[in-house]
Every structure is written in structure tokens, then in C-alpha cells.
Amino acid sequence: MKKVIKRIALLTSGGDAPGMNAHIRAVVRTCIARGVQCYGVMGGYQGMIEGKLFEMDRRKTINIIAQGGTILKTSRSEEFMTVEGRAKAAMVLKEFEIDGVIACGGDGTFHGAHQLHVEHGTQIVGTPGTIDNDLFGTYYTIGYDTALNTAAEAIDRIRDTADSHGRVFIVEVMGRHAGHIAMEVGISCGAEYISVPEAVSDIDIINDKIISLGRNTRVIIIIGEGGELGGAPELAKRLNEAFGIDAKFTVLGHIQRGGSPSVKDRVLASHLGVAAVDAIIAGKTDVMVGRVYHEINYTPLVATWSNKKAIQDFMFEVSDILA
Ligand code: F6P
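Residues numbered from 1 in each chain as written. Predicted model: local features only at pLDDT ≥ 70, side-chain atom pairs only at ≥ 80, totals over all residues. Heavy atoms only, no water.

**Notes on the packing of helix 3 (residues 83–95) against helix 4 (residues 107–120)**
With their axes 10 Å apart at the nearest point, helix 3 and helix 4 run at an angle of 75° to one another. In terms of orientation, helix 3 and helix 4 fall into the roughly perpendicular class. Listed contacts from helix 4 to Val83, Arg86, Ala87, Ala90 and Leu93 of helix 3 are Gly112, Gln115, Leu116, Glu119 and His120. (Axes fitted to C-alpha atoms, helices over the stretch in contact; angles between N-to-C directions. Helix = DSSP H or I, 4+ residues; strand = E, 2+ residues; numbered from the N terminus. Parallel < 35°, antiparallel > 145°, perpendicular 65-115°, else oblique. Contact = heavy atoms within 4.5 Å.)

What follows is the structure, given as C-alpha cells:
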């Protein structure tokens, strides 16, 4: 028989992502609408282990929809990666009489959520919150669209100076082992070469490209972190050593994680917040609540990381033709 949900806990975990606050707001307000108490967990899984739970109400969610970061804070808890750490967390959930948990984060967060479910029977659903967009089962993750726009704005500025000087510029974007940010940002900024971890990249091809465009022509190369070329500084060094090319480089880094969320991220975060509370009430567990073509769907947590979310073929074709 389906249990009655009286109280849930909500946490944000792993790398923060713009839109997490809009998601928190949506979860809290949906709980109020459905007559469920919502407890916020401060500091992700580490906060859960340490019993940092407090009751959320509507007031705590006022004026946060446009804020970057997460008011619940976050962590990458090493203790929660251990059996003992998860046992402590499960005890805390019992003490606080939590009936279900919503964990917003990326694949690390979902690994933890799955283990908690397997070892302690915790009812838990994940919601996709990561700028990397690397989770199978949802078209976009919360934070991805904002990160794309932040990176694109920065690269547009770099292109101005690159163009004025006729220079080669290498810009490294985030994505851990996934090239979604690199590919979409590269296309949107009219990059001459895009290197993603999912495909083979070759410095000879980059050199040919630079030569074909002619000396003193601006060349923008977007490189996703985690690829075989070894990052922007390394690629600049290799181009210099192999071909005498004087390439400038920029690593955009954590700038991509901050800032006010885009409209798309706010709406996605709100939609998934409502859906996640309803999923818990409906008895769902060990799944991610995602969205594909405006439809909410549920993907087993294991499937979100064991299936690779591929960059679609047309993206490679478009970037090749237009570069
Ligand atoms: O997962 C999001 C992300 O920003 C990745 O793109 C990046 O590789 C990683 O987190 C950086 O993590 P941290 O902020 O812990 O160094």
C-alpha cells in the first residue's frame, strides 16, 4: 500500500547550478499546496549526516527565484560515499520523521541517492541540477541554459579582441567529461573549431584550419574540459611547440556556475519542482524526474549515469559545415 507522505526533505548537492533556488522555491510551495511539510537540508548530504534540517515555509522562498547559487548550500560529501556515512544520514531522516527525499544535483548526487535507497529503503527522487547537462533521461538539466549564455557572452567579448588583432584564441569551458556546453556554445559563438571529449581531436587538423583561414585571421577554438587535448593552456603550448602558433587562451571556469538563472532554467526548475513533489506523493522512488519535449518523465537513477547522453550527430555536422 502506498504510504501517506506527511514530511519530505529537500537538498541540493554536488556542483551548484543556476536555477537551484527557483527549484527550492517550487518544491516548498508545491508542498504547501499539497499539505506536505518540507524540511530543507543545509549543505547537501554532509548536512544530512550532521542533522542540519529545518522547516521551510513560504517566507524562506521569497525573492530567491532570480538568485544564483543555492540557499540550501551544497557539498561533495566524502563521508556520504561510505556505508557508515549513509547509515548516519538514514538515522537522521528517521529522527526527523522524513517520509521522502528530493535530491537536486548531478550524477554524484544520484549515485548517493541510489545507495541510500538500496541500503535503507529511503524513498528518494532526484532532480537534474548541473550545468553539465550530462544526465540521460532529461533533455536539459537545471543550470545548463544559464551556463551556456554566460559562456557565450564571455566568448563574444573575446571574439571582439581576437578579431581586432587577428589572433588565435582557445577558450576552455566546463563539462567534466561531457562536451554539451562546448558544442552548443561553440556553435552559438561561431567557433572555428570545437573540441569535445566525446570525439577525437587532432592538433594537425587545428593547424590546417588556421592555415586555411590565412595569417592574421581571428580563430576561436572552444575546448571542453576533460578532453584528450588536455585543456586550453596545454593546447596552446602544443600548438606553439608543433607549429609556432602564438595562441592566447582563457579558462572560463566557475564563472559558468554563477549568476541569475535564465528564463528557461527558472521555468524548468519550477516545473521539475512541482513534478518532484507529486512524484514523491505518488510513491515513486529511485528515479530522476526529468523533462523531454515538455513532458515530465521518470528515469531509474542508475540509468541516468549508466546510459551516455550523446551529443546529437546533427550538432557535429552543423559545427563542421559552419566553422
Ligand atoms: O559538475 C559541474 C562542474 O562545474 C563541472 O563542469 C566541473 O568539472 C566540476 O563541476 C568542478 O567541480 P568543483 O567546483 O568541485 O571544482
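**Quick look at the sheet that holds strand 8 (residues 219–224)**
Spatial ordering of the open sheet is given by 7-8-6-9, a layout of four strands whose pairing is parallel. A strand with exactly one partner marks an edge of an open sheet, and here the two such strands are strand 7 (193–195) and strand 9 (248–251). The mean angle between the axes of side-by-side strands here comes to 15°, regardless of whether they run parallel or antiparallel. Note: strand 7 against strand 8, three bridges, orientation parallel. Bridging across to strand 8, Ile194 finds its partner in Ile222. Set on the sheet, helix 6 (residues 180–188) makes contact with strand 6 (168–173), strand 7 and strand 8; between it and strand 7 the angle comes to about 170°. (Pairing = 2+ DSSP bridges.)

**Considerations on the site of the ligand**
The environment of the ligand is formed by Arg76, Thr130, Ile131, Asp132, Met174, Gly175, Arg176, Glu225, His254 and Arg257. Contact distances for the ligand include 2.8 Å between an oxygen atom and a side-chain N or O atom of Arg257. For the ligand, the protein covers 76% of the area, taking 400 Å² as the surface of the free molecule. Here the residues of the shell around the ligand sort into two nonpolar, three polar and five charged. Split by domain, the residues of the shell around the ligand number at least three in each of domain 1 (7–143 + 261–306) and domain 2 (145–257). (Near = heavy atom within 4 Å. Polar contact = N/O pair within 3.5 Å; in protein donor to acceptor, adjacent residues only side chain to side chain. Areas by Shrake-Rupley, 256 points an atom, 1.4 Å probe, with all protein chains shown as cover. Nonpolar A, V, L, I, M, F, W, Y, C, P; charged D, E, K, R; others polar. Domains from an automatic or database assignment.)

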